[in-house]
Amino acid sequence: MNAVCTITTRSHLHKVYALADSLQTHDVSLFVLILDDLSEGIKHPTHLDSKVEWIRLRDLDSEKVAACIQKYGRISDELRWALKPLFLKFVCQKKTKVCYVDNDICFYESSDVIFEKLTDYRILLTPHFYPHTPELKGANWFEANFQVGIYNAGFIGVRNDAIDFLDWWSHCCLYDMRKSYFRGLFDDQKYLDLVPTIFPSVYVHPKPTWNFAAWNDWYPNIQRKEGKLCIGEEPIVFIHFTPLSLKEFANKSNLANDNYAHYLTSLTHYQPGPLTAERKFSKRNIKNYIRFLFWRFLTRHQH
């Protein structure tokens, strides 16, 4: 009935295995779309055989996949993001309730609490919970709400009657997939700002106990209780270990450091030295740095 799905390339399979391990004790299937052409020759850990279903690109809607490849190329972040709604739609043909998660997510509590919400709602969203005033962490973090988007596209929950939403999101992703602050675009993510206004039965989770990450670790009442990371009395269900989260949570004074250490151990089990940093002068890092400098220039009066 319930399923989690994610998209990966061969180079990030160690993260998928760690994600699968974190779901092992829960009654949930994991569907994994591997984008590499040579994925069929991969030998996956045998203990995951009963929990993971490996999907290939040719299993999806070939016409729409071809359109995405034609626009964004065969190997690109844009293609991977554009495939999210298509992959969710594919899994919805097999399961009643489905959650997409980025492959760098790790669960620390049962996913049941998430799927229970899909009994009463068709679509689940998690806000970034960037600071809601510039005084909390500065103007850049405050303005991220308007530049990057209210909701994080690293998690989306849908019921199998939310195909209208998935078709709409897929159409948006094919329309354009870029970071353009002047045009109000940010990859596949900024489109989600519209979802609660145009689709019925949307649930927005009210605190970052789902999709906890470095960008929302300012949130009030974060504590460790009986060995668990909590917000107030509520345990954090899953953590999003983006590069920023890994950097911040590696600090031993951070309350999420124990979770970071656990995640690092899980990754290392499948790949030694799993957190090798991206090359400093990679194309992606250069683009991000230029974008950051431009942002700082626009908000220079705030500093």
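To start, this report covers the structure provided alongside it. (Residues numbered from 1 in each chain as written. Predicted model: local features only at pLDDT ≥ 70, side-chain atom pairs only at ≥ 80, totals over all residues. Heavy atoms only, no water.)

Examining the nonpolar core
Side chains of nonpolar character tend, in soluble globular proteins, to be buried together. Stated formally: Among the buried residues, those of types Ala, Val, Leu, Ile, Met, Phe, Trp, Tyr and Cys that are joined through side-chain atoms within 4.5 Å form a nonpolar core. Categorising residues by exposure relies on relative accessible area from a 1.4 Å probe, with only protein chains included: less than 20% of the type maximum marks a residue as buried, more than 50% marks it as exposed, and the intermediate range marks it as partly exposed. Strands are runs of DSSP state E lasting at least 2 residues, helices are runs of H or I lasting at least 4, and numbering of each runs from the N terminus. Whether two residues touch is decided by their heavy atoms; if any such pair falls within 4.5 Å, the residues are in contact.
Judged by nonpolar contacts, the single largest core of 43 residues is most densely connected at L83, F87, L88, V158, F165 and W169. When residues of this core are traced back to their parent elements, those giving at least two are β1 (2-8), β2 (29-34), α2 (62-72), α3 (77-92), β4 (97-101), β6 (123-125), β7 (155-159) and α7 (163-175). Per-element accounting of this core gives the leading share, ten residues, to α3. For L88, the residues in contact, after removing those within four places along its chain, are C5, V98, C99, Y100, I156, V158, L166 and W169.

Looking at the pairing of β4
The condition that has to hold: Strand pairing is assigned whenever DSSP identifies at least 2 bridges connecting the two strands.
Most of β4 is tucked away: five of the five residues are buried. Alternating residues of β4 divide into K97, C99 and V101 and V98 and Y100, and every residue in both groups is buried. Sheet topology note: the β1/β4 ladder contains four bridges and is parallel. Its bridge partner being in β4, V4 is matched across the sheet by C99.

Focus on the sheet that holds β6
Defined as follows: Throughout, an axis means a line fitted to C-alpha atoms (over the contacting stretch in the case of helices), and angles, computed between N-to-C directions, take values from 0 to 180 degrees.
Ordered by their spatial adjacency, seven strands build an open sheet running β3-β2-β1-β4-β7-β6-β10, and the pairing between neighbours is mixed. Two strands lie at the open edges of the sheet, namely β3 (52-55) and β10 (202-204), each paired on one side alone. On average, each strand axis in the sheet is tilted by 20 degrees relative to the strand beside it, whichever way the strands run. Relative to β7, β6 runs antiparallel, the two being bridged by two bridges. Bridging across to β7, I123 finds its partner in V158. Sheet strands touched by α3: β1, β2, β3, β4 and β7. Its angle to β1, the strand with the most contacts, is close to 150 degrees.

Notes on the sheet that holds strand β12 (residues 228-231)
What the three strands build is an open sheet, ordered β11-β12-β13; its pairing is antiparallel. In this open sheet, the two strands that pair with only one neighbour each are β11 (222-225) and β13 (234-235). Two strands pair when backbone bridges link them, and β12 and β13 are joined in this way by two bridges, in the antiparallel orientation. Of the residues in β13, the one forming a bridge with C230 is P235.

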